[in-house]
Amino acid sequence: MISNADLLSKLEFSEKEREAVDRYMNSMIEFLDTLNELDTENVEAMSHILLGESVFREDIIRNFSDRETLLSNAPDRKNGYFRVPKTID
Amino acid sequence: MSLMDLTAVQLGKMIREKELTAVEATEDALSQISLYDSTYHSFISVDEDGAIKRAKKVQEKIDSGILTGPLAGVPVGIKDNLFVKGMKNTCGSKMLKDFYPAYSATTVLNLEAAGAVIIGKTNMDECSIGSTTESSAFFTTKNPLDIECVPGGSSGGSAAAVAGKECSYALGSDTGGSIRQPAAFCGLTGLKPSYGRVSRYGLVAYASSFDQIGPISRDVTDCATIMEILASYDENDSMSIKREDNNFTKALINDVRGMKIGLAKGFFGTGVEPDVKAAVFSAIEILRNKGAIIEEFDLSNLEYGVHIYHIIAAAEASSNLARFDGVNYGYRSKEFDGYNDMYYKSRSQGFGMDVKKKIVLGSFVLSAENYEKYYKKALKARKLLNESFSKAFKKYDVILGPTTATTAPKLGDKSSNIMGDYYTIPANLLGLPAITVPCGLDSMNLPIGLQLIGNHFQESTIIRVAYTYEQARGEIL
Amino acid sequence: MKQFETVIGLEVHVELATETKIFCACSTKFGGEPNSHICPVCTGMPGTLPVLNKKVLEYAIAVGLATNCSISRYSVFDRKNYFYPDNPQNYQISQLYFPICKDGNLEIETKLGKKIVNIHEIHMEEDSGKLIHEEDTTLIDYNRSGVPLIEIVTKADMESAEEVNTFLDKLRLIIQYLGASDCKLNEGSMRVDVNLSVRGTGEKEYGTRTEMKNLNSFKAIKRAVESERDRQIELIKQGKEVVQETRRWDDNDGTSYSMRSKEDSRDYRYFPEPDLLPLVIDNEWIEEIKKRQPELPEMKRLRYRLEYEIPEYDINLITSSKHLSDIFEETIAICGKAKEVSNWIMVEAMRLLKEKAVEVEEISFSPKNLATLIDMIEKKTINRTVARDVFEEIFMRDVDPEIYVKKKGLTTIVDENAIREIINKVIKENKQSIADIKNGKIKAKGFLVGQAMKDMGGRADHSLVKEILEEELGRI
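Residues numbered from 1 in each chain as written. Chains lettered and ligands numbered in written order. Predicted model: local features only at pLDDT ≥ 70, side-chain atom pairs only at ≥ 80, totals over all residues. Heavy atoms only, no water.

What follows is about the overall build of chain A. Helix and strand content of chain A: 3 helices and 2 strands. Reading chain A from its N end, one meets helices and strands in the order α-α-α-β-β. The principal-axis extents of the C-alpha atoms in chain A amount to approximately 55 × 50 × 25 Å. Of the roughly 5300 Å² of accessible surface on chain A, 46% is carried by carbon and sulfur atoms. Chain A carries 11 positive and 19 negative side-chain charges, and their two centres are separated by 16 Å. (Helix = DSSP H or I, 4+ residues; strand = E, 2+ residues; numbered from the N terminus. Areas by Shrake-Rupley, 256 points an atom, 1.4 Å probe, with all protein chains shown as cover. Lys, Arg positive; Asp, Glu negative; His and termini not counted. Charge placed at Lys NZ, Arg CZ, Asp CG, Glu CD.)

As structure tokens, then:
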């Protein structure tokens, strides 16, 4: 069985790996489910620890100096473009 | 006797006072590496030529009076998830085995500006996911104090490099204990700063809400000295906070009289090995004798820290690691059928199992049907835990406990359980500063770590307590 | 009564006219070498972190205020996770749970009267890179990656293509007035996705909706809306089901195609962006932005009605472009003659736009030159015939009319003797016309004036020519 989470993760597993992942997931889910003991009724979700002043950047152009290194890590490129297999039929 | 036996501050002083040069210090580190690294495997890459060149430049600047700082000319190891421009950055993964960053991390730039000589990149658990450094895609690092044991992780290479006397200090990153746990396992001092104190720019993210960069060092003085260099406001990190209180060496005060230290009962449960418990209690006695007021208290919801951590860290990791897809950088599979298959093949071949499991878990807890049940629930639990800690810090200056429940396990020992990071995790969940200092040895002569957690941005407080304890403790190793 | 009614909601993406991208300092400039406006942040390099461009937030708030939204005092960015090569991080930083603006509306007016279209929310997000498809491969250019967007999401309040286009036209004009975007559908700085469903007239439940993409002009939107409405009605009539899906409009074929992909689940796993602080926006700041808001189209039209004596049609046309109304107002500020300025814009400028196939936004002459031209006519330095030619020069090349007229020797001839001499010559050469005039064919006088003007290269003072002709005719 291919789980939805694999698809979302863009990962695939051999049968043996699949078993290991399932074991891991089952034990984790079993463990994490015990969090349900905790009553969080009317508790606010805390997404950020810091709630300071908002941080902004002024709208001023600063060009990055090392475009070449950015391009040079690419597995495949052509004429200054990154290249991948065709994404449409 | 090697120069690497000295603390970073001692070595820096000798260089500053012209007793030796930065080049000599660097050569010494490199020779130590050539002697020992085939055993310890602390480093993924060592930049010998570059290090000597940098040391020469640093020495020139020391000679001309430009560099006068305490760590100018001192060799340092950098965890291989912190970008140093010009040096390969693998993050312990096949995915990035040939990756060269186009920029340096802000912390690396800070170190360089202070005259640090970077000698190499240290081994780590793949993508920082792990606590033994065994999940590195390249090799296993050994604990220099006992090469049968793991150095801890994920910053295991950094801890081993310092403990193995291959450099004077090292940088690590700490998401759930990845600085403090290996530091504890290797008999070193490690500090995870408050979230926002040190810039994360140029750190390959694991869990963005928890990641912080910090020092692994021989003692508290080194730790405070390095922290002064690392801490800075960075406009490239929106979470970076402008602070005026970055003068941590001022906190190296041998006095804790009247300070209130809380012992959270939850940190002294049955999971803690007797040797560890004994060592921590002897440390408590020392601090009590130094005049600290110490008492036990209940820290509610502490037991849910691990749940919260596993949910949020996996969620963020699944998103942060999505960028590794072989499109514009990173490993791309040789064979695939179309672009979508390219994603599957590249990611499945490029990542190791531990990383993949974490990603699958993260996708699971964030998926539409599970979001409320796990992710949102964890954020709410985090809020409750934050309230418990806030309440505790109204009463106590520092919360004290062991850094880990056990000492370093044997290599290949797979029995490590889900609660392994129980003691270190709360500081990450809530962005609190925490330090580990060695407080004894177990029956196998493996070091034990004492952890001090401070309130937000109270690094100075934990440094002061740690320093006072260290002065009173005497030599352990 | 119609058997079916159409229910339409819109998702409008607008590229903001900032200098730099939303989360990094790279230029947003369109075009240029591939991957020339990139940095580690907008190419999704590891270790990078986003830092919000303040201007993006201010534009978003400005658009929100202008569309009667309430501005959120607390707003959060979220990550929208999906894999696609135009998206280097494989997540887009967007807003789901706490968007910057909520609950706005715009009033539109169509043949059927006035109507309120409600705006559900406006949120900020980053644009993706551009994919260029070759035979077997796809090339990626990240120059556009990270260009700031706002997405305006309406409620399903529209019923026809006319309403949709009226709404979009109004929205576009407001955004252009704010300077927040040029809103060009054909260049993609404004992108409209149409959510459409049909249901039996009077039914309460919505039908299944589809989302239509790739609409590059108002005409395409109209055709697509009508085509999709007809397609859905036809399906329902045949007893088939409308499938909830995204469709791509092909304007060449005049039809749309399903964009369904087999595998991709639409589970975006949104969660709060941990690398950006929640935005806390105080009233003071909102007031400040409010104060800085330029005059919007409706207010401008109202003011024109009060200040200038020009026809309603002219008002509507001039205010339909911020650029045009700026030229209009700046010219008036110099020469003071609203009616005259309006005439030049409405007649000559509009003629030239058509003839030279120029867009209104491309008009580039300086108001000072038009004002000078008007002044020269007033002072009779040149006559209207010459002025039309000079205006064309101003329109096309922004010439200074004073210098141009002087260089070309186009000043009006007011020398009576010179004019009389020419008129006498014309009278001599056109005996038949004189005979016609004597026989009561007054029209022939116009012909003689025309001939005399022609002989003087159109430069003579028109009324003077007429006056002298009468005199000379009287003598015959």
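Don't stop here, the text continues.
Residues and elements named next belong to chain C. The grouping of Asp-182, Glu-187, Glu-359, Glu-361 and Glu-362 at the surface amounts to a negative patch. Tracing the sequence through the fold places Glu-359 in the loop between helix H8 (338-355) and helix H9 (367-378). Judged by its relative accessible area of 54%, Glu-359 is exposed. (Patch = residues over 30% accessible without salt bridge, like charges linked within 9 Å, V, L, I, M, F, W, Y side chains within 5 Å. Salt bridge = Lys/Arg side-chain N within 4 Å of Asp/Glu carboxyl O. Buried < 20%, exposed > 50% of the residue type's maximum accessible area, 1.4 Å probe, protein only.)

Attention now moves to the sheet that holds strand E4 (residues 169-174) of chain B. Residues and elements named next belong to chain B. Strand order in the open sheet formed by 11 strands is E1-E3-E2-E4-E6-E5-E10-E11-E9-E7-E8, and the pairing between neighbours is mixed. Each having just a single partner strand, strand E1 (43-46) and strand E8 (293-297) make up the two edges of the open sheet. Neighbouring strand axes in the sheet, compared pairwise and without regard to direction, differ in orientation by 30 degrees on average. Taken together, the 3 bridges between strand E2 (residues 75-79) and E4 define a ladder with parallel strand orientation. Each residue of the ladder has a partner; that of Val-76, found in E4, is Tyr-169. (Pairing = 2+ DSSP bridges. Axes fitted to C-alpha atoms, helices over the stretch in contact; angles between N-to-C directions.)

Another point: the pattern of salt bridges. Under the criterion given, the structure shown has 69 salt bridges over all chains. Between Asp-341 of chain B and Lys-345 of chain B there is a salt bridge, with the nearest N and O atoms lying 3.1 Å from each other. With Asp-341 of chain B and Lys-345 of chain B both in helix H10 (residues 338-350) and 4 residues apart, this pair spans about one turn of that helix. A relative accessible area of 18% places Asp-341 of chain B in the buried class. According to the relative accessible area criterion, Lys-345 of chain B is partly exposed, its value standing at 23%. Here Asp-326 of chain C and Lys-322 of chain C are joined by a salt bridge, their closest N and O atoms 3.1 Å apart. Within this pair, Asp-326 of chain C and its partner Lys-322 of chain C are both found in helix H7 (residues 322-335), separated by 4 residues, close to a single helical turn. Judged by relative accessible area, which is 25%, Asp-326 of chain C ranks as partly exposed. Through salt bridges that share partners, Arg-200 and Asp-237 of chain B together with Arg-79, Glu-273 and Asp-275 of chain C make up one connected network.

A few words now on the packing of aromatic side chains. Pairs of aromatic rings are described using the distance from one ring centre to the other and the angle between the two planes. Under the defined criterion, the tally for this structure stands at 34 aromatic pairs over all chains. Ring centres 5.4 Å apart and planes at 45 degrees place the aromatic pair Phe-82 of chain A and Tyr-142 of chain C in the tilted group. Separated into two different chains, Phe-82 of chain A in strand E2 (residues 81-85) and Tyr-142 of chain C in the loop between strand E9 (137-141) and strand E10 (148-154) make up a pair that spans both. Ring centres of Tyr-308 of chain C and Phe-328 of chain C lie 5.4 Å apart, and the angle between their planes is 90 degrees; this geometry places the pair in the edge-to-face category. Of this pair, Tyr-308 of chain C sits in the loop between helix H5 (297-307) and helix H6 (312-319) while Phe-328 of chain C sits in helix H7, and the two are 20 residues apart along the sequence. Since its relative accessible area comes to 12%, Tyr-308 of chain C is described here as buried. Here Phe-328 of chain C falls in the buried class, since its relative accessible area comes to 0%. Ring pairing ties together the aromatic residues Phe-83, Phe-99, Tyr-103, Tyr-201, Phe-324, Tyr-329 and Phe-351 of chain B, which thus form one cluster. (Phe/Tyr/Trp six-rings, centres within 6.5 Å; stacked < 30°, edge-to-face > 60°.)

Our next topic: the sheet that holds strand E15 (residues 271-272) of chain C. Taking strand neighbours across the sheet as the criterion, the 3 strands line up as E5-E4-E15 (chain C) in an open arrangement whose pairing is antiparallel. If you trace the sheet from one side to the other, it starts and ends with strand E5 (91-94) and E15 of chain C, each paired once. Note: strand E4 (residues 78-81) of chain C against E15 of chain C, 2 bridges, orientation antiparallel. Note on E15 of chain C: the bridge partner recorded for Asp-78 of chain C is Pro-272 of chain C. Running over the sheet, helix H9 (residues 305-320) of chain B touches E4, E5 and E15 of chain C and is turned about 60 degrees from E4 of chain C. (Contact = heavy atoms within 4.5 Å.)

Glancing now at the confidence of the model for chain C. In regions of low pLDDT, the predicted coordinates are not meant to be interpreted in detail. With 99% of its residues at a pLDDT of at least 70, chain C reaches an overall mean of 92. The complex model carries a pTM of 0.92, and its ipTM stands at 0.96. (pLDDT = per-residue confidence, 0-100.)

Attention now moves to the interface of chain A and chain B. Between chain A and chain B, the contact holds 50 residues from the first and 68 residues from the second. Seen at the junction of chain A and chain B, the total is 4 salt bridges. Lys-373 of chain B is the salt-bridge partner of Asp-33 of chain A, the closest N and O atoms lying 3.6 Å from each other. Where chain A touches chain B, the interface holds 20 residue pairs in polar contact (both at pLDDT 80 or more). (Polar contact = N/O pair within 3.5 Å; in protein donor to acceptor, adjacent residues only side chain to side chain.)

Another point: the side chain of Ser-155 of chain B. Residue and element names in this part refer to chain B. Among the structural elements, Ser-155 can be located in the loop between strand E3 (117-122) and helix H5 (156-163). Within polar-contact distance, the side chain of Ser-155 engages the side chain of Lys-79 at 2.9 Å. Within the structure, the side chain of Ser-155 is placed 2.8 Å from the backbone oxygen of Ser-178, a separation counted as a polar contact. When residues no more than four places from it in sequence are discounted, the contact partners of Ser-155 are Lys-79, Asn-123, Thr-133, Gly-172, Ser-173, Ser-178, Ile-179, Pro-182 and Ile-216.

Residues and elements named next belong to chain B. The buried fraction of strand E6 (residues 212-217) is high, at 6 of 6 residues. Pairing of strand E5 (residues 189-192) with E6 involves 2 bridges; the strand directions are antiparallel. Residue Gly-190 lies in a different strand from E6, and its bridge partner there is Ile-216.

A word on helix H7 (residues 220-230) of chain B. A turn of α-helix holds 3.6 residues, and therefore any two residues three or four places apart point the same way. All names here are of chain B. Burial runs high along H7: 9 of the 11 residues are buried. Within H7, the full set of buried residues consists of Val-220, Asp-222, Cys-223, Ala-224, Thr-225, Ile-226, Met-227, Ile-229 and Leu-230. Capping of H7 at its N-terminal end is provided by Asp-219; its side-chain oxygen lies 3.3 Å from the backbone amide nitrogen of Thr-221.

This paragraph deals with the environment of His-310 of chain B. Summarising the element assignment, His-310 of chain B is placed in helix H9. Exposure remark for His-310 of chain B: the relative accessible area of 9% places this residue in the buried category. Sequence separation between His-310 of chain B and Ser-346 of chain B is 36 residues, and the spatial gap between their C-alpha atoms is 25 Å. Residues within four places of His-310 of chain B in sequence aside, it is in contact with Met-28 and Leu-32 of chain A together with Lys-358, Leu-361 and Ile-418 of chain B.

Under the counting rule described, the total for this entry stands at 5 cavities of 30 Å³ or more. Each pocket or cavity is described by its volume, and for the largest cavity that value is around 120 Å³. In terms of lining, the largest cavity is formed by 16 residues, of which the most central are Leu-203 and Ala-205 of chain B together with Gly-47, Thr-48 and Leu-49 of chain C. (1 Å grid on protein atoms, 1.4 Å probe; cavity = no way out; pocket = protein on both sides within 12 Å on 5 of 7 lines; lining within 4 Å. Points joined across faces, edges and corners; volume = space filled by probe spheres on them.)

The next subject is unusual backbone geometry. With an omega of 10 degrees, the peptide bond running from Gly-153 of chain B to Ser-154 of chain B counts as cis. Relative to the assigned elements, Ser-154 of chain B resides in the loop between E3 and H5. In this structure, Lys-10 of chain A is a non-glycine residue whose phi angle is positive, near 55 degrees. Note that Lys-10 of chain A resides in the loop between helix H1 (4-9) and helix H2 (15-33). In this structure, Cys-91 of chain B is a non-glycine residue whose phi angle is positive, near 60 degrees. As for its placement among the helices and strands, Cys-91 of chain B is situated in the loop between E2 and helix H4 (106-113).

At the interface, 35 residues of chain A touch 54 residues of chain C. Taking both sides of the interface into account, the surface hidden between chain A and chain C amounts to around 3800 Å²; carbon and sulfur atoms contribute 62%. The tally of links between chain A and chain C comes to 1 salt bridge. The salt bridge partner of Glu-134 of chain C is Lys-78 of chain A, with a shortest N-O separation of 2.9 Å. (Buried area = accessible area lost by both parts, 1.4 Å probe.)

Moving on: the side chain of Asp-125 of chain B. Residues and elements named next belong to chain B. Assignment of secondary structure puts Asp-125 in the loop between E3 and H5. Salt bridges are absent for the buried Asp-125, whose nearest opposite-charge side chain, Lys-79, sits at 7.4 Å. Here Glu-134 takes part through its backbone nitrogen, which lies 3.2 Å from a polar atom of the side chain of Asp-125. Once residues within four sequence positions are removed from consideration, Asp-125 is found in contact with Cys-91, Gly-130, Ser-131, Thr-132, Thr-133, Glu-134, Ser-135, Ser-136, Gly-153 and Ser-154.

Given a rise of 1.5 Å per residue, 14 residues ought to cover 20 Å, and the 20 Å separating the end C-alpha atoms of helix H11 (residues 353-366) of chain B matches this to within 8%. Counting buried residues in H11 of chain B gives 12 out of 14 residues, a clear majority hidden from the surface. For H11 of chain B, the set of buried residues is Val-355, Lys-356, Lys-357, Lys-358, Ile-359, Val-360, Leu-361, Gly-362, Ser-363, Phe-364, Val-365 and Leu-366 of chain B. The inward-facing, buried residues of H11 of chain B abut H1 and H2 of chain A, H9, H10 and helix H12 (371-395) of chain B together with E15 of chain C. (Expected span 1.5 Å × (residues − 1).)

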